[in-house]
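Structural overview for review
One-letter residues, chain by chain:
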Amino acid sequence: MTIEELSDIQEQEQARQQKLANRIYCCTAAGCVSCGADRVRQSLHAEVKKAGLQEQVEVCGSGCMGLCSQGPLVRSAADDALYGHVSPEEAAALVSGNPVDRQLLAGKRIDTTAPFFALQHKIVLANSGVMDPEILNDYIAVGGYQALAHAVTELSPPEVIEEIKQSGLRGRGGAGYPTGLKWELVAKQSSQIKYVVCNADEGDPGAFMDRSVLEGDPHRVLEGMALAGYAVGAQQGYIYVRGEYGLAIQRLQTAIKQAERADLLGNRVLGTGFQFRVDLRIGAGAFVCGEETALIASIEGKRGQPRQRPPYPPESGLWERPTLINNVETFANIPPIIAKGGEWFASIGTAGSKGTKVFALAGKIVNTGLIEAPMGASLRTIIFDIGGGIPDGGRFKAAQTGGPSGGCIPEQFLDVPVDYESLAKIGSIMGSGGLIVMDESSDMVDVARFFMEFCMDESCGKCIPCRVGTVQMHDILARMTRGEGTPADLDMLEQLCTLLRETSLCGLGQTAPNPVLSTLRFFRHEYDAKLAASRGGAQ
Amino acid sequence: MSVKTLTIDGKMVTGIAGETIFNVAWNSGVRIPRLCHVGGVSDVGACRLCLVEIEGQKKLMASCMTNVEEGMVVRTNTERLQSHRRLILELLFAERNHICAVCVMNGQCELQDMAEELGMDHVRMRYLFPKLEVDTSHERFGLDHNRCILCTRCVRVCDEVEGAHTWDLKGRGVNSLIIADLGEPWGQSDTCTSCGKCVQVCPTGALFSKGRTVGEMRKDRRFLKYIVTAREKHQWIR
């Protein structure tokens with residue numbers, strides 16, 4: 001495919017879609033599929049056939065539309081209506097253009113002007129609900145691969161990097177390293193062979209942002225990687241995706257094949273001299289493989305264990321070559337930045353954190369699902385306005401961000417803007433975007449114990465502090481929750497927190513104490529109450 | 001070869017570019033504690049005992065994995081490092097069943113020496129007391145998982161010096177175990193050459209020669225230096 005052909009396909013596909021009387025988007029992300037979206041889609045197809053409307057009404061899939069708690073979700077494009085909890089029996093009413101039939105569905109229609117939709121700002125998830133992730137032409141119709149076409153024909157690699165630097169984009173994997181700087185580091189290396197790696201080993205409990213992006217818009221990630229390859233001078237990319245994400249793997253495989261066939265990836269990208277191939281590497285279920293050096297070892301076919309940095313991957317990574325590693329969401333932000341310019345992106349968000357962030361809302365919250373909010377929105381906005389607050393009249397107690405590496409944020413910080421700096425100041429981290437809301441029924445010592453159990457199970461066992469320290473910390477926390485703790489235990493727990501933070505080899509061990517430290521900081525009274533109770537029991 | 005001048009514990013020392021802080025320190029008489037390091041094979045920075053403070057860096061660095069730089073100011077034995085090292089040893093002693101009184105290496109064991117040297121005389125946490133097996137299927141040697149500290153010296157010496165790669169790890173976290181080949185009994189391993197290098201480098205009584213009783217096992221590490229010198233410098237000297 002050449003650049004001219006790309007534009008032709010875009011116009012033709014847009015025109016074709018406009019001629020249709022209706023296009024019905026049925027959510028095909030894992031959340032909706034697990035509650036029966038496939039059957040809804042099948043019966044929609046059957047109804048279209050029965051009504052003889054194949055030429056006028058098209059049924060297609062769509063990426064995650066956000067409100068996962070109300071799945072299966074179906075969107076009808078003609079009247080821009082979104083329906084929740086759709087059952088296969090309602091397919092006829094959805095297919096029919098008759099307003100009387102539609103009236104039957106009125107109760108299931110979701111108000112898209114509600115704060116859940118109105119307060120979101122979609123960049124990464126912009127295409128979810130308006131295109132089918134399994135059809136390449138759909139992605140091209142919404143402007144897909146235009147950024148890549150623009151870059152390879154009109155921009156030099158340093159200009160692409162300059163644009164990313166200007167945008168102020170920071171890594172969405174959790175640490176928030178400036179993306180433009182990382183790209184520049186790799187670009188400056190003199191090696192002939194370089195690699196681009198997409199980290200899709202999303203493993204935090206309660207997080208599913210990257211999965212939804214891969215399932216709902218795989219081509220966007222491929223385009224972002226190709227742009228990175230062009231900018232840093234790499235010809236090979238790898239996507240390291242966790243084995244549990246079957247649907248995402250399948251969508252990626254389809255997308256890679258489509259893109260290769262259309263010369264959007266491969267030896268002659270868009271008919272130019274730029275070449276870039278992407279291969280999948282599937283993880284075998286180790287959380288630590290999200291750590292970049294362990295991820296590299298795993299791609300190389302070795303045991304997934306981290307090694308000490310430096311050298312950092314931009315200098316010596318995959319097979320000791322300069323390697324650029326970014327997270328799924330980071331790559332998904334690249335095409336719009338190149339298409340609309342770094343300045344546009346930098347106009348969204350706060351001084352230090354630009355753009356938007358996708359959050360997976362989970363726990364005690366009304367609107368469980370996927371949202372995208374501009375950086376700097378307060379936790380209150382995210383949890384109470386977009387998320388709809390706590391169900392069953394419950395009272396907010398804490399929000400956990402950043403998974404097992406993050407911390408719990410208590411009520412007094414609800415108005416803190418959510419950006420990298422502010423969260424770090426209150427002892428948590430942005431993390432990859434998992435946000436677990438807890439109400440008063442949560443026992444904070446048990447929350448700390450839960451995350452410690454996770455770290456204990458996921459420790460690779462290479463370094464002693466993490467391998468044995470997590471076991472001992474879990475042992476202490478478990479005894480405390482059972483009311484068997486002693487003050488000496490609490491003292492040892494704090495000593496181990498410091499030990500793990502300062503001496504562990506990789507990020508997993510270094511950040512494993514964070515949930516304990518933050519609950520100790522804000523909910524120390526709960527620990528004290530447990531100790532008092534166990535003393536009482538002993539008497 | 002460029003020479004780097006640095007300060008280790010207040011002492012001016014020199015090293016060659018590419019040398020680790022650990023090597024330079026030992027060569028100039030500063031003994032940094034270690035368990036996973038053994039001269040002659042690659043380093044992994046796993047035991048975390050050799051962590052040092054480097055001025056201007058927030059993080060503690062494993063000295064066996066960090067190269068010397070010009071003007072570096074390194075501290076190897078501060079109060080903080082000592083207390084971290086003792087706690088790491090406590091974790092190790094609590095992890096498996098290290099009962100010195102009935103160990104073939106009693107009195108010769110590096111783990112024991114380390115505890116003595118660093119002043120770790122009691123364990124303040126719960127012993128895990130895992131139930132682990134002893135593999136005595138090999139004709140000449142035995143493997144006692146109860147005494148293994150997972151330093152992976154055996155794995156590295158077998159792979160890098162003998163070239164057999166009989167040893168590897170299975171499982172993860174506290175459930176990691178050293179395995180021969182794909183988890184067979186040692187005696188049935190197809191790759192093992194029975195050279196005994198792993199036994200000689202093992203810091204504890206986890207790998208031992210059969211027929212030795214409590215405190216009788218002596219290990220000889222000079223062979224490794226001999227092989228490495230022979231390989232790298234083509235000098236066959238003891």
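The rules behind the values
Residues numbered from 1 in each chain as written. Chains lettered and ligands numbered in written order. Predicted model: local features only at pLDDT ≥ 70, side-chain atom pairs only at ≥ 80, totals over all residues. Helix = DSSP H or I, 4+ residues; strand = E, 2+ residues; numbered from the N terminus. Buried ≥ 20, exposed ≤ 12 C-beta atoms within 10 Å, placed from the backbone. Contact = placed C-beta atoms within 7 Å. Core = buried A, V, L, I, M, F, W, Y, C linked by C-beta atoms within 7 Å. Pairing = 2+ DSSP bridges. Axes fitted to C-alpha atoms, helices over the stretch in contact; angles between N-to-C directions. Domains from an automatic or database assignment. Nonpolar A, V, L, I, M, F, W, Y, C, P; charged D, E, K, R; others polar. pLDDT = per-residue confidence, 0-100. Parallel < 35°, antiparallel > 145°, perpendicular 65-115°, else oblique.

Moving on, we come to the overall build of chain A. For chain A, the count of helices and strands is 24 helices and 14 strands. Structurally, chain A occupies a C-alpha span of about 80 × 65 × 40 Å along its principal axes. Taken over 539 residues, chain A has a buried fraction of 56%. Within chain A, residue pairs in contact and separated by at least 24 positions form 74% of the contacts whose partners lie at least 6 positions apart.

Once that is clear, we can look at the nonpolar core. Taken as a class, soluble globular proteins show a tendency for nonpolar side chains to be buried jointly. Ranked by internal contacts, the top residues of the largest apolar core, which has 234 residues, are Leu227 and Ala228 of chain A together with Cys154 of chain B. When sequence neighbours within four positions are dropped, the list of residues in contact with Leu227 of chain A reads Ala147, Leu148, Ala151, Val160, Ile334, Pro335 and Ile338 of chain A.

Residue and element names in this part refer to chain A. Taken together, five strands build an open sheet; the order of strands is β2-β1-β3-β4-β5 and the sheet is mixed. Every interior strand has two partners, whereas the edge strands, β2 (57–62) and β5 (109–110), have only one. Bridge count between strand β3 (residues 74–76) and strand β4 (residues 81–83): three bridges; the pairing is antiparallel. Across the sheet, Arg75 pairs through a bridge with Leu82, a residue of β4. Strands β1 (22–27), β2 and β3 of the sheet are contacted by helix α3 (residues 37–50), whose axis makes an angle of about 160° with β1.

What follows concerns the domain arrangement of chain A. Residues and elements named next belong to chain A. We note that the domain assignment places domain 1 (15–118), domain 2 (143–346), domain 3 (356–439) and domain 4 (444–538) within chain A. One C-alpha centre belongs to domain 2, the other to domain 3; they are set 27 Å apart. Listed by partner, the interface residues are 15 residues for domain 2 and 17 residues for domain 3. When the residues that make up the side of domain 2 that touches domain 3 are grouped by side-chain class, the tally is four nonpolar, six polar and five charged.

Either a parallel or an antiparallel arrangement is found when strands of a sheet pair, and the pairing is made through backbone hydrogen bonds. All names here are of chain B. Taken in spatial order, the five strands line up as β2-β1-β5-β3-β4 in an open sheet, and their pairing is mixed. Only two strands of the sheet have a single neighbouring strand rather than two, namely β2 (11–16) and β4 (61–62). Inspection of the sheet shows strand β3 (residues 51–54) paired to strand β5 (residues 73–75) by two bridges, in the antiparallel sense. Its bridge partner lying in β5, Glu53 is registered against Arg75.

All names here are of chain B. Taken as a whole, helix α4 (residues 153–162) has its buried residues at Arg153, Cys154, Val155, Arg156, Val157 and Cys158. Contact partners of the buried residues in α4: β8 (167–170), β9 (177–180), α5 (197–201), β10 (207–209) and α6 (222–233). Phi turns positive one or two residues past the end of α4, at Gly163, with a value near 80°.

What follows covers the confidence of the model for chain B. Looking at chain B as a whole, the pLDDT averages 93, with 100% of positions reaching at least 70. Both scores are given for the predicted complex: the pTM is 0.92, the ipTM 0.92.

Okay, the packing of helix α19 (residues 444–458) of chain A against helix α23 (residues 514–522) of chain A next. To characterise two packed helices, one gives the angle between the axes of the helices and the distance between these axes. Residue and element names in this part refer to chain A. The interhelical angle for the contact between α19 and α23, taken along N-to-C directions, is 170°, at an axis separation of 8 Å. One way to sum up the angle between α19 and α23 is to call them roughly antiparallel. For the pair α19 and α23, the contacting residues are Met444, Val445, Val447, Ala448, Phe451 and Met452 in the first and Pro515, Val516 and Thr519 in the second. In the contact of α19 with α23, the residues fall into eight nonpolar, one polar and no charged.

The next thing to look at is helix α11 (residues 209–216) of chain A. Summarising burial for α11 of chain A: eight of the eight residues are buried, a large majority. Looking at α11 of chain A, one finds that the buried residues are Met209, Asp210, Arg211, Ser212, Val213, Leu214, Glu215 and Gly216 of chain A.

Residues and elements named next belong to chain A. Among the structural elements, Ala29 can be located in the loop between β1 and α2 (30–34). For the pair Ala29 and Gly66, spaced 37 residues apart in sequence, the C-alpha separation works out to 9.8 Å. Beyond its immediate chain neighbours, meaning those up to four positions away, Ala29 contacts Gly63, Cys64, Ser212, Glu215 and Gly216.

Looking now at the interface of chain B and chain A. In this assembly, 25 residues from chain B lie in contact with 23 residues from chain A. By residue number, the principal contributor to the side of chain B that touches chain A is helix α2 (residues 79–95) of chain B, which donates seven residues. When its residues are assigned to classes, the side of chain B that touches chain A shows 16 nonpolar, four polar and five charged.

What follows concerns the domain arrangement of chain B. On domain assignment, one finds that chain B holds domain 1 (3–77) and domain 2 (83–233). Relative placement of domain 1 of chain B and domain 2 of chain B: their C-alpha centres are 24 Å apart.

Moving on to the pairing of strand β13 (residues 407–410) of chain A. All names here are of chain A. As paired elements, strand β12 (residues 396–401) and β13 share four bridges and run antiparallel to each other. Pairing of Ala399 across the sheet is with Ile409, part of β13. Connecting β12 to the next strand, β13, in antiparallel fashion are five residues, including Gly402 with a positive phi near 80°.

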